[in-house]
Structure formats: C-alpha cells, structure tokens
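Structural overview
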Amino acid sequence: MNRQVSFQQVDVFSEIPFKGNPVAVVLDGNELSTAEMQAIANWTNLSETTFVCTPTDPQADYRLRIFTPQSELPFAGHPTIGSAFALLKHGFKPKTPGSLVQECGSGLVSISMDADKLFLTLPEPIIQSIDHKELADIVSALGVPLTNVRASAAIDVGAKWITLQLSNSEEVQSLHPDMSRVAVLTPVGVTGVTVFGMAAPDTDSYVEVRSFAPSEGIAEDPVCGSGNGCVAVLMRQLELIEESNYVASQGYCVGRNGRIEVRYKENGKILLGGHAVTCIEGLLNL
C-alpha cells in the first residue's frame with residue numbers, strides 16, 4: 001500500500017494566489033529518506049520544497065529540511081514563511097502563542113505572527129567583499145557595465161548570495177542575464193546573485209529586487225526571502241534607508257507581484273516577512 005503524506009503548496013509574499021513565490025510543504029517528513037526528499041523536490045520543480053520533521057532541539061517547535069531541485073539548503077526565507085503558514089493552517093499549536101521556533105541547518109529561526117502576516121528573524125549575517133575579477137565576470141554575465149554597480153558584497157544569512165546594488169529599479173527590471181554564464185561563475189557554496197535598485201519615489205515599494213540561482217536549477221527565483229535578507233543587510237550597512245522599515249517588490253519580470261516587508265529592530269536584528277496564501281492542499285502518494 002502506498003504511503004500518503006499531507007501536502008500544501010503555499011504562495012509566499014502575496015495575498016493573491018499565483019502572484020507570490022510558491023513553496024511545496026510536506027507536513028510530515030519524518031519517515032522520508034533524504035533521497036526521497038530530494039526526488040520529491042526535483043519532481044515539484046519549484047525553487048524550494050520543504051519537509052516538516054520532529055525537532056532535535058527542545059527549544060524548537062519543529063525541524064525544517066529545505067531542498068531545491070538539486071540540493072539541500074541550510075536556510076531559505078520564503079520556505080520558512082510558507083512552511084510556518086502551512087503548519088498553522090494545518091492546525092499546529094506552537095509552544096509559545098504568537099511565535100514559532102524553527103530548527104534548520106542554520107540553527108534556530110524565530111518566526112513571529114503579526115495579525116495575518118508572518119515575520120522571520122534573519123540569522124546573523126556574514127559579510128565578505130568580492131574579488132574584483134570575480135565581480136567583473138559576474139556583472140558581465142548580467143549584461144550591465146561594472147561602473148553601474150554601486151555596491152557589492154557576498155552575504156551569508158544561512159543562504160549565501162552575491163548581492164549587488166545597481167543604478168535604479170528600472171535597470172534591475174531590464175536585465176537579461178546569460179544564465180549559463182551566471183551558473184558557471186557562481187562560486188561553490190553560493191546560492192546565486194541577487195540585485196537591487198532603489199525605486200522611484202512615487203511607487204509603492206522602496207526597492208526592486210531580482211534573484212538568479214541557475215546553479216541551483218532555478219534561473220530566477222520569483223520572490224526570494226534570503227536574497228531580500230541580504231539586500232536588507234547591505235542597505236543597513238550602506239545607510240540607504242532612514243526609516244525603521246520598508247517594502248521591497250520582486251517578481252515583476254516573471255509575472256508575479258511579491259511584496260516583502262523588512263523591519264529593522266533596535267537590537268540590531270532584521271525581521272523579514274509578509275503575507276502567504278495556500279494554493280494547493282491534499283495528499284502526496286509515495
């Protein structure tokens with residue numbers, strides 16, 4: 001007899017189905033092997049598929065394993081928000097009302113509930129400079145002049161992104177990267193390249209973001225949590241934002257309309273989150 005496990009597909013960073021970033025959430029991954037998890041992630045062909053398991057840390061509400069179609073990640077943003085949303089919708093009761101603690105490859109991640117939104121606390125970032133030759137090659141693969149890159153860093157928030165500030169949001173939206181070159185040039189251990197540009201004052205977001213991860217099997221991530229986390233880190237370092245919060249937009253170039261909210265806390269922590277909505281709910285036959 002085939003095994004069955006509960007399953008949801010959740011659109012993250014959107015209130016409107018099919019306009020956010022989907023994550024496939026398997027709500028009971030305890031009996032699945034790593035090979036089975038990877039096979040399911042390859043089959044869903046989404047940027048990430050997650051598996052909820054029993055935690056090993058007593059502080060955690062659950063343990064989350066996160067897979068791209070090709071590999072396992074220690075942390076990712078939109079799968080964290082989407083999996084927490086799916087669990088709560090499935091009737092999960094957290095240890096502490098109003099908050100969840102997720103155990104994952106990067107350690108413990110706190111998730112807070114704010115009305116109908118969920119916010120994760122970004123893991124402590126590690127910021128590194130990028131070698132000039134490496135930067136020049138990657139920028140060339142993106143198809144923009146090196147002189148248009150206003151800031152750059154390799155930032156690790158559990159997932160590691162080469163993070164670049166371009167001239168403005170219009171330049172970000174007009175990019176047509178050579179994905180085969182981006183894949184080859186992405187260093188081992190780096191998820192991909194995230195670019196951002198400041199939006200015009202009359203728009204409903206502060207920055208426009210795009211994230212490319214062809215080496216992970218995802219040419220363009222529709223709305224990327226960890227990529228936006230890296231942008232938030234770099235914006236704070238460069239003092240590009242005077243307010244304690246802002247909204248980023250992502251997904252326009254792939255027919256989505258994601259909105260990611262970023263909140264800077266006085267203790268130095270960065271919260272990142274937004275809405276989520278369930279698009280598919282049922283059972284997986286294994």
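Everything below is about the structure shown above.
First, a word on scope: everything that follows refers to the structure included in this document. (Residues numbered from 1 in each chain as written. Predicted model: local features only at pLDDT ≥ 70, side-chain atom pairs only at ≥ 80, totals over all residues. Heavy atoms only, no water.)

1. Here we look at the pattern of salt bridges
Where charged atoms from two side chains of opposite charge approach closely, those side chains can pair. Just so we agree on the cut-off: For salt bridges, the criterion is a side-chain nitrogen of Lys or Arg within 4 Å of an Asp or Glu carboxyl oxygen. Under the scheme used here, helices are H or I runs from DSSP no shorter than 4 residues and strands are E runs no shorter than 2 residues, and both carry numbers assigned from the N terminus.
The tally for this structure, following the rule as stated, stands at 10 salt bridges. Between Arg263 and Asp114 there is a salt bridge whose closest N-O contact spans 2.9 Å. Highlighted residues: Arg263 in strand S16 (residues 258-264) and Asp114 in strand S7 (residues 107-114), separated in sequence by 149 residues. Ionic pairing is found between Asp137 and Lys133, a salt bridge with its closest N-O pair at 2.7 Å. Pair noted here: Asp137 and Lys133 are both in helix H3 (residues 132-142), with a separation of four residues, about one helical turn.

2. What to know about the environment of Glu261
Heads up, the condition is: Accessibility here uses a 1.4 Å probe with only protein chains present; expressed as a share of the type maximum, an area under 20% marks a residue as buried, one over 50% as exposed, and anything in between as partly exposed. We call two residues contacting when some pair of their heavy atoms lies within 4.5 Å.
By the secondary structure assignment, Glu261 is in strand S16. Residue class for Glu261 comes out buried when judged on its relative accessible area of 17%. Spatially, the C-alpha atoms of Glu261 and Leu284 are 32 Å apart, while their sequence positions differ by 23 residues. For Glu261, the residues in contact, after removing those within four places along its chain, are Lys117, Phe119, Tyr246, Val247, Leu271, Leu272 and Gly273.

3. Let's talk about the packing of aromatic side chains
Spelled out, the test is: Note on ring pairs: Phe, Tyr and Trp rings are taken, using the six-membered ring of Trp, and paired if centres are within 6.5 Å. Classes follow the plane angle, with under 30 degrees stacked, over 60 edge-to-face and the rest tilted.
Summed over the entire model, instances satisfying the criterion amount to four aromatic pairs. Pairing Phe51 with Phe67 gives two aromatic rings, centres 5.7 Å apart and planes at 90°, and the pair type is edge-to-face. Of this pair, Phe51 sits in strand S3 (residues 49-53) while Phe67 sits in strand S4 (residues 62-67); the two residues are 16 residues apart in sequence, bridging distant segments of the chain. This pair shows no difference in class: Phe51 is buried, exactly as Phe67 is. Taken together, a centroid distance of 6.3 Å and an interplanar angle of 85° make the contact between Tyr62 and Phe92 edge-to-face. Here the residue Tyr62 occupies a position in strand S4, and Phe92 occupies one in the loop between helix H2 (77-89) and strand S6 (99-104), the gap between them amounting to 30 residues.

4. With respect to helix H6 (residues 225-238)
Definition in use: Between the first and last residue of a helix there are one fewer steps than residues, each counted as 1.5 Å, and that sum is the expected span.
For H6, which comprises 14 residues, the first-to-last C-alpha distance of 20 Å matches the rise-based estimate of 20 Å (1.5 Å per residue) to within 8%. Counting buried positions over the 14 residues of H6 gives 11, a clear majority of the element. For H6, every residue scored as buried is listed here: Gly225, Ser226, Gly227, Asn228, Gly229, Cys230, Val231, Ala232, Val233, Leu234 and Met235.

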